[in-house]
Amino acid sequence: MNAPFAPPPQSLASQSLASEPVVRVRGLSRRFTAKGVLNGVDLDIRRGEFVALLGRSGCGKSTLLRALARLDHEAEGGGEIVVPERRSVVFQDARLLPWKRVLDNVVLGLGGADAQARGVRALLEVELPGREDSWPYELSGGEQQRVALARSLVREPEVLLADEPFGALDALTRIRMHALLKRLSEAHRPAVLLVTHDVDEAIELAHRVVILEQGRVAADIAVDLPPEDPERSVRFAALRRQLLGRLGVAEREPTSHPAEPGDRHDPTA
Amino acid sequence: MRAHSPALSTAVLERPTAPAPALRPTAAAAPPRPVRRLGVPPADPLGWLLGPALLLLVWTLGSMSGLVDARVLPAPWATASTALDLIREGRLQANLAISAWRAAQGLAFGVAAGVLVALASGLSLWGGYVFDGLVQVKRSIPTLALIPLLILWFGIGETMKVTAIAISAFIPIYLNTHAALRGIETRYVELAETLGLGRWAFVRQVVLPGALPGFLLGLRFAVMAAWLALVVVEQLNATSGIGYMINLARTYAQSDIIVVGLVVYALLGLTSDLAVRQIETRALGWRRTFGR
Ligand SMILES: Nc1ncnc2c1ncn2[C@@H]1O[C@H](COP(=O)(O)OP(=O)(O)O)[C@@H](O)[C@H]1O
Ligand SMILES: [Mg+2]
């Protein structure tokens, strides 16, 4: 499935975790009319690294992501941001232009003679073959978000910024989207910053989980789960407990959590 | 109701004193009460013809019974035969062509100017400063109140008439197009920024198509405004056109010709509105509400 795109240089992919950060944030502060939101954020993301950003509602996750996307014309503040020009943003709403057909949405603003062909391949990659000529309204919410994903990946971004991209989707669609995003980010290896409020989503997808609190990075936790159950499930549950604790939320009842059958055998529960 | 569920009703009869359990048999036996539909059901596309048909019926009955004096309002059949006479003489077509040409010219100039000024004012800050206030001032003066001035400037000929129609059409085109251009959603602006669209690509791919529904709504109002202005300028001092035909008929107390003229105005208004709506359906196929 990852063949259709031009693969990233192998050398970079293999040395990714050791290389220079592609995203570098130092002492970032942002405020809206006297209301301080970010207050000295430091963050590095390396090529191919997938970072999830967690935090309570209103803590400034979107503000940080929009600063990285250079979309914060209204905010005041200072600090240093180094972010590549080739960056893509995925919003919570798919944000397709309703007056453009699916393929035209994907290749919007894309130059080059092969733009259409690249768009078609991108749609193939997000498992939407043959939907090039559909209108956005003819697609389900999950399909629209897959088009948005194709639109962001067809640009071969060095950094992918996603603000709760699956927040509006139903639980089953979200699980499918997790698998898709994981596969695509492994194939294309952009630096990813995924804003989410879903702890499981963060652990499932990210190499690192960063928690934002009171305008700063309050925790930076590596996710290195073993590949095999049962250890994986145990570590998953422990990590979730740790993250939820940091977010000030008590651990949920295991039974309310059907996505993780491993819970029920958690010896420490 | 009980007839539908003999078993359950028997059970009730056998144990009349039994306390009602959570699921009372009568409740289970009763067919579910249909949910009352509160919204108006979808309309038949030809349903709107009923009102005009009723009007025609009342008119016919009134004329047949003699309740309506023919000098006040001629009978439908008299009006129809007058219309046929006018067509045979060629007067109706000639006047209709002149009226339609006036309206079309005025509409064309008004729409073109409205779009250009709306673009200038909607797409640039300074354009807005210059033009929007001007148009708001103009909007508060009814176009028909400008006609005396237009007569002084252009005389009573075609130029004055077409200008008055153009100004009438200009206003709704400008207002709706400008509002649509300025009302483009910020989320689409943000999207365009993240995709690195240039200024021109942004206007062409995002702003203009996004403003199209507003423009088309303005076009419908403009068409109506153009017919209204046409009627007024033709009443004033015309020597040709449907309005002239009506005015002449008034001088000779030919109420049947007046009614024919009014029917022609109605048909012109209806068909042109239908035409604009056809354009809407074609151009806005991407909207869920259209093309379905
Ligand atoms: N454009 C804005 N103007 C004023 N206040 C804002 C704006 N955007 C965000 N805020 C405020 O900044 C704070 C952080 O918002 P946000 O970054 O959206 O939080 P979240 O972590 O939920 O994404 C909130 O209190 C919000 O009210
Ligand atoms: Mg947010």
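Shown above is the structure to which this text applies.
These lines cover the structure that appears in this document, whether it is placed above or below.

Analysis parameters
Residues numbered from 1 in each chain as written. Chains lettered and ligands numbered in written order. Predicted model: local features only at pLDDT ≥ 70, side-chain atom pairs only at ≥ 80, totals over all residues. Heavy atoms only, no water. Helix = DSSP H or I, 4+ residues; strand = E, 2+ residues; numbered from the N terminus. Contact = heavy atoms within 4.5 Å. Polar contact = N/O pair within 3.5 Å; in protein donor to acceptor, adjacent residues only side chain to side chain. 1 Å grid on protein atoms, 1.4 Å probe; cavity = no way out; pocket = protein on both sides within 12 Å on 5 of 7 lines; lining within 4 Å. Points joined across faces, edges and corners; volume = space filled by probe spheres on them. Nonpolar A, V, L, I, M, F, W, Y, C, P; charged D, E, K, R; others polar. Pairing = 2+ DSSP bridges. Near = heavy atom within 4 Å. Areas by Shrake-Rupley, 256 points an atom, 1.4 Å probe, with all protein chains shown as cover. Buried area = accessible area lost by both parts, 1.4 Å probe. Salt bridge = Lys/Arg side-chain N within 4 Å of Asp/Glu carboxyl O. Axes fitted to C-alpha atoms, helices over the stretch in contact; angles between N-to-C directions. Parallel < 35°, antiparallel > 145°, perpendicular 65-115°, else oblique. Core = buried A, V, L, I, M, F, W, Y, C linked by side-chain atoms within 4.5 Å. Buried < 20%, exposed > 50% of the residue type's maximum accessible area, 1.4 Å probe, protein only. Expected span 1.5 Å × (residues − 1). Phe/Tyr/Trp six-rings, centres within 6.5 Å; stacked < 30°, edge-to-face > 60°. Lys NZ or Arg CZ within 6 Å of the ring centre and 35° of its normal.

Residue and element names in this part refer to chain A. Tracing the backbone through its elements, the reader meets Asp163 in strand β6 (residues 159–163). Taking the C-alpha atoms as reference points, Asp163 and Leu193, separated by 30 residues in sequence, lie 8.3 Å from one another. Setting aside its immediate chain neighbours within four residues, Asp163 contacts Ser62, Leu65, Val90, Phe91, Gln92 and Val195. Only 2.8 Å separates the side chain of Asp163 from the side chain of Ser62, close enough to count as a polar contact.

Take empty space enclosed by the protein next. Space left empty within the atom packing is revealed by a probe, the size of a water molecule, rolled over the atoms. Residue and element names in this part refer to chain A. Counted by the stated rule, this structure contains 2 cavities of 30 Å³ or more. Approximately 50 Å³ is the volume found for the largest cavity. Around the largest cavity sit Glu164, Pro165, Phe166, Gly167, Arg174, Thr196, His197, Asp198 and Glu201, which together line it. Looking at side-chain class alone, the lining of the largest cavity contains 2 nonpolar, 3 polar and 4 charged residues. Taken as a whole, the second largest cavity encloses approximately 40 Å³ of empty space.

Take the pairing of strand β2 (residues 35–46) of chain A next. Residues and elements named next belong to chain A. Bridging between strand β1 (residues 21–32) and β2 involves 9 bridges; their strand directions are antiparallel. Paired with Arg31 across the two strands is Gly36, which belongs to β2. Here β1 folds back onto β2 in antiparallel fashion, the turn holding 2 residues, of which Thr33 has a positive phi close to 35 degrees.

All names here are of chain A. Taken together, Phe32, Lys35, Val37, Arg56, Ser57, Gly58, Cys59, Gly60, Lys61, Ser62, Thr63 and Glu74 are the residues near ligand 1. Measuring from an oxygen atom of ligand 1, one finds a backbone N or O atom of Gly60 at 3.0 Å. In this structure, Lys61 approaches ligand 1 through a main-chain N or O atom, which is 2.8 Å from an oxygen atom. Coverage of ligand 1 by the protein chains reaches 63% of its 560 Å² of free accessible surface.

On to the interface of chain B and chain A. At the junction of the two partners, chain B supplies 18 residues and chain A supplies 19 residues. When the two sides are added together, the surface that chain B and chain A hide from each other amounts to roughly 1,900 Å², 62% of it contributed by carbon and sulfur. Put simply, chain B and chain A have 3 salt bridges between them. Looking at the side of chain B that touches chain A, the elements with two or more residues in it are α9 (186–194) and α10 (199–237) of chain B. Residues that form the side of chain B that touches chain A fall into these classes: 8 nonpolar, 4 polar and 6 charged.

Another point: the packing of helix α3 (residues 50–65) of chain B against helix α4 (residues 76–89) of chain B. A packed helix pair is summarised by two numbers, namely the angle formed by the two axes and the spacing between the axes. All names here are of chain B. Running from amino to carboxyl end, α3 crosses α4 at an angle of 105 degrees, the nearest separation of the two axes being 8 Å. Taken together, α3 and α4 sit at an angle that is classed as roughly perpendicular. When α3 is examined against α4, the residues Trp59, Thr60, Ser63 and Met64 are found in contact with a partner set consisting of Pro76, Trp77 and Thr79. Along the lines of polarity and charge, the residues of the contact of α3 with α4 split into 4 nonpolar, 3 polar and no charged.

Moving on, we get to the nonpolar core. Counting 81 residues, the largest nonpolar core has Val23, Leu28, Leu161 and Leu193 of chain A together with Val206 of chain B as its most contacted members. A per-element tally of this core places α10 of chain B first, with 14 residues. Contacts of Val23 of chain A, omitting those with residues within four sequence positions, involve Leu43, Asp44, Ile45, Leu68, Val82, Val83, Pro84 and Val159 of chain A. Phe50, Ala94, Leu128 and Leu239 of chain A belong to the second largest nonpolar core, which has 49 residues in total.

To continue, consider helix α12 (residues 255–283) of chain B. It helps to recall that an α-helix has 3.6 residues per turn; residues three or four apart then point in one direction. With 29 residues, α12 of chain B extends 42 Å from end C-alpha to end C-alpha; this agrees with the ideal 42 Å at 1.5 Å per step. Tucked into the core, α12 of chain B has its buried residues touching α3, α4, α5 (91–123), α10 and α11 (242–251) of chain B.

Another aspect to go through is the pattern of salt bridges. Summed over the entire model, instances satisfying the criterion amount to 25 salt bridges over all chains. With its nearest N and O atoms 3.6 Å apart, the salt bridge here joins Arg46 of chain A to Glu49 of chain A. Its relative accessible area of 26% is what places Arg46 of chain A among the partly exposed residues. Overall, the relative accessible area of 2% leaves Glu49 of chain A in the buried class. A salt bridge links Arg102 of chain B to Glu234 of chain B, with the shortest nitrogen-to-oxygen separation between them at 2.7 Å. With Arg102 of chain B in helix α5 and Glu234 of chain B in helix α10, this pair connects stretches of sequence that are 132 residues apart. Take Arg102 of chain B and Glu234 of chain B: they sit in the same class, and that class is buried.

Right, let's get into the packing of aromatic side chains. For the coordinates displayed, the defined rule picks out 5 aromatic pairs over all chains. Aromatic side chains Trp153 of chain B and Phe154 of chain B sit 6.3 Å apart centroid to centroid with 90 degrees between the ring planes, which places their arrangement in the edge-to-face category. Residue classification places Phe154 of chain B among the partly exposed residues on the basis of a relative accessible area of 37%. An angle of 20 degrees between the planes, with centres 6.0 Å apart, marks the rings of Phe170 of chain B and Tyr174 of chain B as stacked. A residue pair is termed a helical-turn pair when its members lie 3 or 4 positions apart in one helix, as Phe170 of chain B and Tyr174 of chain B do in helix α8 (residues 158–182) at 4 residues. Among the aromatic residues, ring-to-ring pairing joins Trp99 of chain A together with Tyr188 and Trp286 of chain B into one connected group. If you follow Arg95 of chain A out to its NZ or CZ, it ends over the ring of Phe91 of chain A, 3.7 Å from the centre.

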